[in-house]
Amino acid sequence: MLSYIDKIKEISIRLLKECRVEMVIGFRKGTVPMMNEPHFAKSPEDVENFVWDSNCGINLCNYLTNRGEKIGILAKGCDSRNIVTHIIENKIKRDQLVIIGVPCKGMIDKRKISAMFEGEIGEVIENENNITVKGDGFEKTLNKKDVLQQNCAICIHRNPVIHDELVGDLVEEQIDVDRYEDVREIEALAPQEKATHFEKLLEPCIRCYACRNACPLCYCPTCFTDESRPQWVGKGQDPTDVSTFHFLRAYHCAGRCTDCGACERSCPVGINMRVFTKKLEKDCLELFEWEAGLDPDVRPPLDTYRPGDPDEFIK
Amino acid sequence: MKIVQINKENWTDGLKKLSEIYRLFGPVKEDDFHNFLELEQGQLPDLNCLNTRLSPKSIIYPQSEVMFEYTLDENQKDHHILKEVKKDYSPQAVIGIRPCDARAFALVRLNFDTPEHQDPYWLKAYEATTLVGLACESPCSSCFCTTAGCGPYHEEELDLLLIDSGDQYWAKIITDKGKAFLKAAGWTQTVDEKTALKEIKAKKQAAEDKICSTVNTDKLREIETNELYNAPFWEEVSFSCINCGTCTYVCPTCWCFDIQDENLGSSGCRMRNWDSCMYPLFTAHGSGHNPRDTKLHRVRQRFMHKLKYYVDKYDTGIQCVGCGRCVRLCPVNIDIRRVCELMNSHAAAKD
Amino acid sequence: MGIEPDRLQFSWVSSAEATKFVQVVTEVTRAIKDLGPNKNLVKTMPKVA
Ligand code: SF4
Ligand code: SF4
Ligand code: SF4
Ligand code: SF4
Ligand code: SF4
């Protein structure tokens, strides 16, 4: 994946020089280990700052919403699926975009890696398959495969589903992955156990809404949580309000979530709120054979009716 | 007596005595990170923690705080009247607070305790609190306290400063509150102050030398506000921001709040909740108009407030103590050190 | 979410199907009475900090 960068720069410079796009959205090197920052280049010179490595987990589709100009955008598998969803939902037009596909082998999990070491991590050096983590008094080489974000480890669409350019050969898709082990475990709990489980899960939440804001699907001008007339949810730290926010947000992502992991990645207190969206993803797959963001020409299950609907009452 | 030695074997005993008088707070590790929590009987603060994920500001200024309550039940005498709620302002102590987080209270005080207005909730909670600091021996690489008016051994706002020295802590007494705290714990062993001070000085220097990150703020005051406000870099700075507000919620110096009424059946309360300039409702007018309507406006507000408006208004430096939390936790890696540099050098160029 | 499955039910009743409506309502009320009052996701007054 590290070798992509030359191609990324070459394509970006070409697109900008030929005036096919006004900006290219990519990443620049972060100021702390295992972080890169989304960054735009409006001139060929800006492209110099672009980087690509295993710290590009933020979903860039989030930066497309309602933009008017022509844009080149780097897109991993999940990003590309969110772009498809954006096109279906009229948040951006296909002909505004030059999609620069990035076949992906997964992003590393900053939190997991930090938790493996006692002291502060000073530097992380990456090569094709491994990362070397250095800090005060320790140095360790880890296989990237073992420290991927959980959503990347179980990803089955690593290659962009839609693209105009490609920065490298397509990668092999993972097959035989069990995507829903954690969801099944929760499904098996009794209602009261579920309630307790979720309460525990959400207890550290500070309601910063980073999960919502990092998500390309959450583009509403005023989110129901911010709405004050009427006020759907209380704004304090009441556990019922906190879980209402999470449950409702997940429902708003039903049939749209690509499990890109941007939400979980951005949570400052490390909550895995993806269990909610994954449950709905699983339901969509089982009930409607639907996976989000694969084809811009197929309407999603929640805005279509099919005679074969699995619910008895509606037939 | 200015320095007291606390042998670590007496630590647990002292805390036990203290817990009879104070509600004790300290860093506790839950899952992957530390936070300040109220210590249960017998629970020890984990002083090996680099710093907590969230700042301890919530001990004095909770994220959600009920101020008034009311009833609409007309059978009650005092229906339709907002009544102040009774709160627990009994003595409490924060053990192991870092010097930067303590200094943050001094910055926040300028807002909560002004000649015209005093915030009773903040002040009463502050008064009730003893701050027992812990000097930093190994600061994080993203800490830049020494150039943000602070430092690993900074004493401002602290009542006591603990310095770890192997088998014992040295407790430097800074205020009477601190003295009372030591007395309550039964920690009274005096030391040869000269030697101790000398060693503390050396340790302080060593800790300060370990700070590898700095900011320049010298030009911020001189430059015209509009020059900075209209600087060309705000689009680039704000581009990646997702307006999540994490930076302001984790920040020990951010103080904004919003007031809400919550009603349940025939009674309710008025509470205040933290707010953030990153949020769409921040400064939204009743008319629907919002002067800070776009992401660029919001991001600019945060940095201008911390690094310019505050600097101009109070003349005590920037509204930041360099704890580095926002640097470490911003999900898209917007780094205040970088933005500060842009602002300061923009100012320098206009000189 | 910790809400018992029987507590939430969906049906499709046309305005002409009065008997079905009565039947559905009776069914649902019975099911919910059996479950007793809902305990989860019930908000109480905020605690005074
Ligand atoms: S809900 Fe989370 S995983 Fe799903 S699309 Fe949004 S950010 Fe990605
Ligand atoms: S990002 Fe984390 S802390 Fe913030 S609202 Fe989402 S779950 Fe809560
Ligand atoms: S934490 Fe970062 S992304 Fe979130 S509001 Fe602050 S600057 Fe923006
Ligand atoms: S602005 Fe950032 S570094 Fe400064 S005090 Fe706040 S959280 Fe700490
Ligand atoms: S305006 Fe923004 S930066 Fe300033 S104190 Fe309020 S939340 Fe913090």
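So, here is what we can say about the structure in this document.

So, how was this worked out
- Residues numbered from 1 in each chain as written.
- Chains lettered and ligands numbered in written order.
- Predicted model: local features only at pLDDT ≥ 70, side-chain atom pairs only at ≥ 80, totals over all residues.
- Heavy atoms only, no water.
- Core = buried A, V, L, I, M, F, W, Y, C linked by side-chain atoms within 4.5 Å.
- Buried < 20%, exposed > 50% of the residue type's maximum accessible area, 1.4 Å probe, protein only.
- Helix = DSSP H or I, 4+ residues; strand = E, 2+ residues; numbered from the N terminus.
- Patch = residues over 30% accessible without salt bridge, like charges linked within 9 Å, V, L, I, M, F, W, Y side chains within 5 Å.
- Areas by Shrake-Rupley, 256 points an atom, 1.4 Å probe, with all protein chains shown as cover.
- Salt bridge = Lys/Arg side-chain N within 4 Å of Asp/Glu carboxyl O.
- Lys, Arg positive; Asp, Glu negative; His and termini not counted.
- Charge placed at Lys NZ, Arg CZ, Asp CG, Glu CD.
- Pairing = 2+ DSSP bridges.
- Axes fitted to C-alpha atoms, helices over the stretch in contact; angles between N-to-C directions.
- Left-handed = near helix turned anticlockwise from the far one by under 90°.
- Contact = heavy atoms within 4.5 Å.
- Nonpolar A, V, L, I, M, F, W, Y, C, P; charged D, E, K, R; others polar.
- Buried area = accessible area lost by both parts, 1.4 Å probe.
- Polar contact = N/O pair within 3.5 Å; in protein donor to acceptor, adjacent residues only side chain to side chain.
- Near = heavy atom within 4 Å.

### Considerations on the nonpolar core
By size, the foremost hydrophobic cluster in this structure holds 156 residues, and its most contacted members are W52(A), F303(B) and M343(B). Here this core takes seven residues from helix α3 (residues 99-112) of chain B, the largest share from any one element.

### Observations concerning a negative patch on the surface
A grouping of E199(A), E203(A), E30(B), D31(B) and D32(B) is seen on the molecular surface, where their side chains present a negatively charged patch. Looking at the element boundaries, E30(B) is found in strand β2 (residues 23-30).

### What about the sheet that holds strand β10 (residues 257-264) of chain B?
Residues and elements named next belong to chain B. The four strands lie next to each other as β5-β4-β11-β10, forming an open sheet whose pairing is antiparallel. Two strands in the sheet have a free side with no partner beyond their single neighbour: β5 (83-84) and β10. Bridging between strand β4 (residues 64-71) and strand β11 (residues 267-274) involves seven bridges; their strand directions are antiparallel. The residue of β11 that forms the bridge with Y70 is G268.

### Overview of the packing of α3(B) against helix α4 (residues 120-127) of chain B
Axis angle and axis distance: for two packed helices, these are the angle between their axes and the distance between the axes, and together they describe the pair. Residues and elements named next belong to chain B. It is the contact of α3 with α4, at a shortest axis distance of 10 Å, that shows an interaxial angle of 145 degrees. The handedness of the crossing between α3 and α4 is left-handed. Of the residues in α4, those touching α3 at F105, V108, R109 and F112 are W122, L123 and Y126. Considered class by class, the residues forming the contact of α3 with α4 number six nonpolar, no polar and one charged.

### Things to note about the pattern of salt bridges
All names here are of chain A. Taken as a whole, this structure holds 44 salt bridges over all chains when the rule is applied. The residue K144 makes a salt bridge to E126 at a minimum N-O spacing of 2.9 Å. With K144 in the loop between β7 (138-143) and α4 (150-153) and E126 in strand β5 (residues 121-126), the pair connects residues that are 18 residues apart, well separated along the chain. Classification of K144 by relative accessible area gives buried; the value is 8%. Measuring nitrogen to oxygen at the nearest pair gives 2.8 Å for the salt bridge that ties R184 to D178. Among the residues examined, R184 registers a relative accessible area of 39% and is labelled partly exposed.

### Overview of the environment of L148(A)
Residues and elements named next belong to chain A. In this structure, L148 sits in the loop between β7 and α4. Residue L148 is classed as buried on the basis of its relative accessible area, which comes to 8%. Along the sequence, L148 and K112 sit 36 residues apart, while their C-alpha atoms lie 8.6 Å from each other.

### Focus on the interface of chain A and chain B
Between chain A and chain B, the contact holds 37 residues from the first and 42 residues from the second. Summing both partners gives a buried area of about 3200 Å² for chain A against chain B, and 54% of it is carried by carbon and sulfur. Counting across the interface, chain A meets chain B through two salt bridges. A salt bridge links E236(B) to R28(A); the shortest N-O distance between them is 2.7 Å. Summed over the shared surface of chain A and chain B, the result is 17 residue pairs in polar contact (both at pLDDT 80 or more). Secondary-structure elements contributing two or more residues to the side of chain A that touches chain B are β1 (23-29), β2 (36-41), α3 (110-115) and α7 (210-213) of chain A. Ranked by the residues each element gives to the side of chain A that touches chain B, the list is headed by β2(A), at five residues. Grouping the amino acids of the side of chain A that touches chain B by side-chain chemistry returns 15 nonpolar, eleven polar and eleven charged.

### Section: the environment of N7(B)
All names here are of chain B. The residue N7 is located in strand β1 (residues 3-7) in this model. Judged by relative accessible area, which is 18%, N7 ranks as buried. Remark: the alpha-carbon pair of N7 and I242, spanning 235 residues in sequence, is separated by 48 Å. Dropping the residues within four chain positions of it, N7 is found in contact with D167, Q168 and Q189. At a separation of 3.1 Å, a polar atom in the side chain of N7 contacts the side chain of Q189.

### Some remarks on the site of ligand 2
Near ligand 2, the surroundings consist of 13 residues, among which C205(A), C208(A), Y209(A), C211(A) and C267(A) are the closest. Of the residues contributing to the shell around ligand 2, the split by class is eleven nonpolar, one polar and one charged.

### A short note on the interface of chain C and chain A
At the junction of the two partners, chain C supplies 14 residues and chain A supplies 15 residues. In this assembly, chain C packs against chain A so that about 1100 Å² is buried in total across both faces, 67% of it on carbon and sulfur atoms. When the buried surface of chain C facing chain A is broken down by residue, M1(C), L41(C) and K43(C) rank first, second and third, together holding 48% of it. At the boundary of chain C and chain A, one finds one salt bridge. Its salt-bridge partner being K43(C), residue D241(A) comes within 2.6 Å of it at the nearest N-O pair. At the boundary of chain C with chain A, the tally comes to three residue pairs in polar contact (both at pLDDT 80 or more).

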